[in-house]
2 protein chains.
Amino acid sequence: MARLVMKFGGTSVANIERIRNVARHVKREIDEGHEVAVVVSAMSGKTNELVGWVNEANKHYDPREYDAVVASGEQVTSGLLAIVLQEMGIPARSWQGWQIPIETNDAHGSARIARIDGARVIEGFGRREVAVVAGFQGVDPLSGRVSTLGRGGSDTSAVAVAAALHADRCDIYTDVDGVYTTDPRIVPKARRLDRIAFEEMLEMASLGAKVLQVRSVEMAMVHGVQTFVRSSFDDPANPRPGTLICNEEDIVEEQVVTGIAFSKDEAQITLRKVADKPGVAAAIFQPLAQANINVDMIIQVASDDSTTDITFTVPTAEFDRARAILEKAKDEIGFSTLQASTDVVKISAIGVGMRSHTGVAADAFRALARKGINIRAITTSEIKFSVLIDAAYTELAVRTLHSLYGLDKA
Amino acid sequence: MARLVMKFGGTSVANIERIRNVARHVKREIDEGHEVAVVVSAMSGKTNELVGWVNEANKHYDPREYDAVVASGEQVTSGLLAIVLQEMGIPARSWQGWQIPIETNDAHGSARIARIDGARVIEGFGRREVAVVAGFQGVDPLSGRVSTLGRGGSDTSAVAVAAALHADRCDIYTDVDGVYTTDPRIVPKARRLDRIAFEEMLEMASLGAKVLQVRSVEMAMVHGVQTFVRSSFDDPANPRPGTLICNEEDIVEEQVVTGIAFSKDEAQITLRKVADKPGVAAAIFQPLAQANINVDMIIQVASDDSTTDITFTVPTAEFDRARAILEKAKDEIGFSTLQASTDVVKISAIGVGMRSHTGVAADAFRALARKGINIRAITTSEIKFSVLIDAAYTELAVRTLHSLYGLDKA
């Protein structure tokens, strides 16, 4: 007997027929004698509907009220799944965030889970009762108000509940059957991974792979929650195992590179002829930091005179704000022109094997150059490197690297 | 300065534009210096959508889960109205039933309010904050689970909140501008009443008038909450006062009959040739009571032999169940045939003036007979009488009585 958390996203609970299918997955685990907590998202489309109303009511909404409204979607699906499970003869009850409670801080709209009291859910296991937990939501214990964790927060709910219940496993059911070496829509030869290390998954998610929320991976890593990504559309009687996210030590056959991620959510800004003197970097990046704009890749190229060119990237959504801030600070920074490009893509190769292998990135630079792909910027860290290139070369670059590191299907 | 509760139903909060209109009504009262708690229903259609999902999930649903699902509709509108009020510069916050708390018993799906702690809402008034309360819902304090009060329960929420807050007034905003002498769709000469006594309103609601929930009127009567029924579609800057529901003593010019109600939700059952012996009534009505079937009008006509005919009515929705129960107990009861009719209507005249006037019902019987309307059954009580007639005569009978008692518009 094991203790499991199973998480189902919006497309898996989009209507009652799909909720019945979810219940069949739960029944399979119950029939095998496991204790099960299920975490559910809102029916797909519902959260958007609710957010739409909030924005129509007032663009500058009170985030506490936003949370009260938007959390209702998960409340509905948790009740409905409990009802369907009961119909199958499986004792079940729904739990809203405040009922467990799932305590968060007061950062409404993107709250962080502080503490989960699993006692009452575990009591329910003693009665063979499935706990159906509304994902994405919690409660601020000081104000007693409902909070939400931000988009995709149900993944985080699931991992946090798994940690609180000391679950043996957290299964994240999605509309794909696992984590792939890269997006199969771009590279048909992409392979599903049997296992991927927490650190790798964290980089994959941060660098553009949409399969899991970054924060849920962080939490799984910190608490050592064995997490599977698997398909809710598999036959409930005979599902595939999916991809296990686990400790590096549990991966036997290690590749140097495990996956290729890419993100079009990047905009490049280059400041020309910046005075090459101390304090100039601060003049550029402090106002951006104060405006909560996340600066990613930074490169600095010295010119022959006493000036330098500085290039960096910001999220596309922040591009207009970033440019306005820099133009305003132009005199203080002292650059000649600001050049910008939103038509770029960041391509990243990730693998814990890079720690023990050298020259991995250099191979990539050579392979990309051979295809005539110009690299605009590079960043590297211990287990990944990223290159910024023209968006037009996305498919070519991803396929080139995927093949270069031996990730293509046999 | 007064303390007010304002209640808005589903059609009044059906979309953001209408919620803005509700906020204008609230603003008017705030501008006059009043303390305001608003109680809201779900957007019209939303509760039906949620109930539909529950029934699709499992016709024999767990009422605790039904409540968890269905209560979400009011949660949404309370948050949205708070946001819209804030946009108008009016401090406001939403309150879910469990947050106040509005404590109920554990009769999920049709729970009764046991206790409301108004302290935190009143604290909010001290900060000039409008309390936007999700109607229809509460919490069972023992289990900590969300409960709902049954259809139309938001009226009851509003009156109960008004009682708990010791409000000076409870304004129920609806899609009509008050309580009428009868349904204006049937009788164009129907008049809006300025005032109606609690007892009269209670009978009107029980006997078919749909303007207010029966339970909310009971509660208003018990706690002496002055309640207005008025229109949410009036100009928020210049609304009409509506109808005041108040103590009998506060009504100066009293009519003998205040209103005519009618209900098509009646089915007639006649058992022929029942043995006229002690215990036979128990044999008929006990099994119906045990099945929670509400028997209303009962008449017994002795035949010339030692048998009797017994006629009574049950709610249309319970008709099939009632018939099945009686057919099953046929031998025990000992009747010859069961005759039934669902094509009947109960028409009632209500007025506290009946207490001090005699012959009121007799006038009606004569007037109906003159129009050739056959009366199938009669019941009377201190302040009302009801007749059961063929449904085809509904309009004729209602108009006849409306005119007879001088209720037609001048």
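Please refer to the structure higher up on the page.
Here the residue index of a chain counts from 1 through its sequence in written order. The order in which chains are written sets their letters, starting at A; the order in which ligands are written sets their numbers, starting at 1. In keeping with the predicted nature of the model, local features appear solely for residues at pLDDT of at least 70, side-chain atom pairs appear and are counted solely at 80 or more, and the whole-chain, interface and lining totals rest on all residues.

### With respect to the overall build of chain A
Okay, so step 1: Each helix is a run of DSSP H or I of at least 4 residues and each strand a run of E of at least 2, with the numbering of both proceeding from the N terminus. Within chain A one finds 13 helices and 20 strands.
Okay, so step 2: Computation of the radius of gyration draws on C-alpha atoms alone. For the globule rule, the value is 2.2 Å times the number of residues to the power 0.38. A compact globule built from 410 residues should have a C-alpha radius of gyration of about 22 Å, and chain A, at 23 Å, falls within 12% of that.
Okay, so step 3: Residue burial here comes from a neighbour count, namely the number of other C-beta atoms, placed from the backbone, that lie within 10 Å of the residue's own C-beta, with 20 or more meaning buried, 12 or fewer meaning exposed, and in between meaning partly exposed. Taken over 410 residues, chain A has a buried fraction of 48%.
Okay, so step 4: A pair of residues counts as a contact when their C-beta atoms, built from backbone coordinates, are within 7 Å of each other. Intrachain contacts of chain A at a sequence separation of at least 6 include 74% that bridge at least 24 residues.

### Some remarks on the interface of chain B and chain A
Okay, so step 1: With 26 residues of chain B at the interface, the matching set in chain A holds 27 residues.
Okay, so step 2: Counting only elements with at least two residues in the side of chain B that touches chain A, the list comes to helix H1 (16-31), helix H2 (46-57), helix H3 (63-70) and helix H4 (72-87) of chain B.
Okay, so step 3: For the side of chain B that touches chain A, the leading source of residues is H4(B), giving 10 residues.

### Section: the sheet that holds strand S3 (residues 92-95) of chain B
Residues and elements named next belong to chain B.
Okay, so step 1: The pairing criterion is simple: DSSP has to find at least two bridges between the two strands. Read from one edge of the open sheet, eight strands run S3-S6-S2-S1-S9-S11-S12-S10, paired in mixed fashion. Two strands bound the open sheet, and with one partner strand each, they are S3 and strand S10 (195-197). Taking the axes of each pair of neighbouring strands and ignoring which way they run, one obtains an average angle of 20° across the sheet.
Okay, so step 2: Pairing of strand S1 (residues 3-8) with strand S9 (residues 169-174) involves five bridges; the strand directions are parallel. The convention used is that axes are lines fitted to C-alpha atoms, helices contributing only their stretch in contact, and that angles between N-to-C directions extend from 0 to 180 degrees.

### A closer look at the pairing of strand S16 (residues 307-314) of chain B
Residue and element names in this part refer to chain B.
Okay, so step 1: The pairing of strand S14 (residues 267-275) with S16 spans seven bridges and is classified as antiparallel. When the bridges of S16 are listed, Ile269 appears paired with Phe312.
Okay, so step 2: Pairing geometry for strand S15 (residues 298-302) and S16, over five bridges, is antiparallel. Each residue of the ladder has a partner; that of Gln300, found in S16, is Ile310.

### Quick word on the pairing of S1(B)
All names here are of chain B.
Okay, so step 1: Burial runs high along S1: five of the six residues are buried.
Okay, so step 2: Bridge count between S1 and strand S2 (residues 35-40): six bridges; the pairing is parallel. Paired with Val5 across the strands is Ala37, a residue of S2.
Okay, so step 3: Read from S1 through H1 to S2, the crossover connection turns out right-handed. By convention a crossover is right-handed if, when the strands point away from the viewer, the path from the first strand over the helix to the second runs clockwise.

### Here's the deal with the environment of Gly10(A)
All names here are of chain A.
Okay, so step 1: Mapped onto the elements of the fold, Gly10 is located in the loop between strand S1 (3-8) and helix H1 (16-31).
Okay, so step 2: A tally of 22 C-beta atoms within 10 Å means that Gly10 is categorised as buried.
Okay, so step 3: Distance from Gly10 to Gly152, taken between C-alpha atoms, is 9.8 Å for residues 142 residues apart in sequence.

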